[in-house]
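# Structural overview for review
This is what each chain is made of:
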Amino acid sequence: MNKILYAIIKIIIYQKYFIENKIQKYIETNKSKSYIYNIFGIIRYIKKQYIKQVILLIKKKSMIFSIIFMVQEIVIYILLAFLGIILYPLPYMIWFRLRHGSSVEIQFFPLVGRLAFLGHALKKYGDIFYFRKIDHNCKKNLDLMLSNDFHFGHTFMVTSPELSKSVLQNINYYKKIDVDFIELIGKEGVFFSNSEQWHHQRVFLGKIFNFNLIQKAKDTVEKLCQQEIKDLEKPQNLVELWSLIVGQVIQEIFFGQTNIEYNGKQYCTEIGQIMQNVLNFKRMFWIKGLIRRKFFSKKYPQWLLYDIEKDDEKRIVNCTKFLQDIIESRRRSKNYGTDSLSLYLLEQEKDSNIKDIEIIQSYMSLVFAGMDTTSTLTQSCCYVLGQKKNEQDKLRQAFKEDNADYINGFISEVQRFYNPTASIFFREVTESHYLGKYWIPKGKCLNVSFFENHFNSKFFPKPFEFWPERWYTNGGKDFSESSYAFIPFSAGKRNCIGQHLAQIEIKVILQFILDRYEINSKPTGWDLKFLYGLQDPGVVSFKKLDS
């Protein structure tokens, strides 16, 4: 062992002498060359002489020297390659920032990019979007945030209302990024489909989500509140309770009945749980997810799947078969009504291009887009009411007096602070184009972020003050409805088709609760699982009001 250590020390000393002499010799013979030429020339020269020295040592049969030289060479190349992967996105980000100045903010962290900033915000400030909320308040002219992304190289986060409007109106430049198992749960549905297929479904569903449906849904929610909300004083998973109510409303709309049982639970609950599993698993094991997506796209070999993922895949297949059986039964019976499934089947008789899988995944898309978002926002409203007792008293009185201004203002203010969707779904840029003055290359990732505008004093005076009256009081907000400064349900052609239904559901549930209970809550953080919500939903509790 001592001989080996002696040999290594001898090589290090020899290398220093060898490299210094070779560099000096090269510079003396290339004095007239440029600085850059000399830098790269020295590197090439040293590499050439280095290899010659290794060969010479081998010829002398100095095996220990040659092995150490080669190992060093390999280690150096591995380190350089790793350093290149880490730093690859940085030069473009620096160039982009220098070119456009303070209207662009860059967020670089090796490999994980913006995820590191989100984690730091949650750990230090108890709010995963803390930095986004203060960004526009400090930098009122911020247009874009640019961060590194392991899969796409770079991600553009659009923050200005003008650029957001351009993105959301020009949908042909972008496509939604696929999630795991997308082929099974939603590729053909209205949420994930693209171009002509999306347009056809959007027009069709637009006919269903009309004023009459909203009024009917209100009665359905009231009935379900009576049926499902038994005793809120008992500890229970409140988000699941709100999800059950909202999910059964979706079943009423789609199937014409609220009760669709599947394996001892509601069918909508099974679909919702599977989708939560898929998205939460992606969050929990995000490093593996990034690597899989980078090298295997969305078609992963079975050996790369965890057991829970294989189980979810089977559950999706079984749910699809269950709904296919319902479709076949309805088609044979011709027992058509005014529900979505009946209207789909009638439309299918006229247009053979409508496939059953499109109908199935349209339902799954409605569950995906509507159930968890509405239930999460309902829980956030309850938390705020528990923290701000004066607002709880005001809202209770507003329901009694049918004061729509305050009711709508309260929900909008909760969305401004804690909207479940902090941005639109991430898009991949399909065609290089100018977004305002910014050149956005094909293949990059792009998103529209909401919270920067929600806390910009340019649009909302006293942005960190919870003030429901701002929505109907002069001086409370300073923007036009078409400015895209406040778009909690997104906007443009792909805005949320069920936004009015969601608002009705939240209002009915809150009124039902406030008529019967006092709401209490303990402070907690705000985290992002798939949606932005309470870090611990269990901090909300209820106490029956005195009769």
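Note that the structure is a prediction, hence the values are computed from the model and not measured.

With that settled, the discussion passes to the overall build of the protein chain. Scanning the protein chain from N- to C-terminus turns up 20 helices and 14 strands. For the protein chain, buried positions account for 49% of its 547 residues. Partitioning the contacts of the protein chain with sequence separation of at least 6, the portion at a separation of at least 24 is 68%. For the protein chain, the accessible surface area stands at approximately 27,700 Å², while carbon and sulfur atoms represent 57% of it.

Let us look at empty space enclosed by the protein. Counted by the stated rule, this structure contains 4 cavities of 30 Å³ or more. Estimates place the volume of the largest cavity at around 110 Å³. In this structure, the largest cavity is lined by 13 residues; those nearest its centre are Gln 107, Arg 114, Phe 117, Leu 118 and Arg 132. Secondary structure elements with two or more residues in the lining of the largest cavity: helix H5 (114-125), helix H6 (130-138) and strand S2 (144-149).

With respect to topology, 6 strands assemble into an open sheet ordered S1-S2-S3-S10-S7-S4, the strand pairing being mixed. Across the chains shown, the open sheet's two edge strands, defined by having one partner strand only, are strand S1 (104-107) and strand S4 (174-176). Geometrically, the sheet is characterised by an average inter-axis angle of 30° between neighbouring strands, direction not taken into account. With 4 bridges connecting them, S1 and S2 associate as parallel partners. Opposite Ile 106, over in S2, you have Leu 146 as the bridge partner. Contacting S1, S2 and strand S3 (153-158), H5 crosses the sheet at an angle of about 105° to S2.

Among the surface-exposed residues, Val 71, Val 75 and Leu 79 lie close enough to one another that they form a single nonpolar patch of about 250 Å² accessible area. Structurally, Leu 79 can be placed in helix H3 (residues 63-87).

This part takes up the pattern of salt bridges. In this structure the tally under the stated criterion is 16 salt bridges. Arg 331 is the salt-bridge partner of Glu 328, the closest N and O atoms lying 3.2 Å from each other. One end of the pair is Glu 328 and the other is Arg 331, both in helix H14 (residues 307-333) and 3 residues apart, which spans about a single turn. The class for Glu 328 is partly exposed, based on a relative accessible area of 29%. Since its relative accessible area comes to 22%, Arg 331 is described here as partly exposed.

On to the environment of Gln 415, then. Tracing the backbone shows Gln 415 in helix H18 (residues 404-418). For Gln 415, a relative accessible area of 2% corresponds to the buried category. Separated by 38 residues in sequence, Gln 415 and Leu 377 place their C-alpha atoms 7.6 Å apart.

This part takes up the nonpolar core. Within the largest apolar cluster, 90 residues are counted, with the highest numbers of intra-cluster contacts made by Trp 242, Tyr 267, Tyr 363, Phe 410 and Phe 542. Contacts of Tyr 363, omitting those with residues within four sequence positions, involve Ile 250, Gln 251, Phe 254, Phe 255, Tyr 267, Cys 268, Ile 271 and Leu 323. The next biggest cluster of nonpolar side chains, apart from the first, holds 22 residues, and it includes Leu 163, Leu 435, Ile 440 and Phe 450.

Once that is clear, we can look at the side chain of Asp 127. Within the fold, Asp 127 resides in the loop between H5 and H6. Side chain to side chain, Asp 127 and Tyr 532 meet in a polar contact 2.6 Å long. Excluding residues that lie within four positions of it along the chain, Asp 127 makes contacts with Ala 121, Leu 122, Lys 133, Trp 526 and Tyr 532.

About the cut-offs
Residues numbered from 1 in each chain as written. Predicted model: local features only at pLDDT ≥ 70, side-chain atom pairs only at ≥ 80, totals over all residues. Heavy atoms only, no water. Helix = DSSP H or I, 4+ residues; strand = E, 2+ residues; numbered from the N terminus. Buried < 20%, exposed > 50% of the residue type's maximum accessible area, 1.4 Å probe, protein only. Contact = heavy atoms within 4.5 Å. Areas by Shrake-Rupley, 256 points an atom, 1.4 Å probe, with all protein chains shown as cover. 1 Å grid on protein atoms, 1.4 Å probe; cavity = no way out; pocket = protein on both sides within 12 Å on 5 of 7 lines; lining within 4 Å. Points joined across faces, edges and corners; volume = space filled by probe spheres on them. Pairing = 2+ DSSP bridges. Axes fitted to C-alpha atoms, helices over the stretch in contact; angles between N-to-C directions. Patch = residues over 30% accessible without salt bridge, like charges linked within 9 Å, V, L, I, M, F, W, Y side chains within 5 Å. Salt bridge = Lys/Arg side-chain N within 4 Å of Asp/Glu carboxyl O. Core = buried A, V, L, I, M, F, W, Y, C linked by side-chain atoms within 4.5 Å. Polar contact = N/O pair within 3.5 Å; in protein donor to acceptor, adjacent residues only side chain to side chain.

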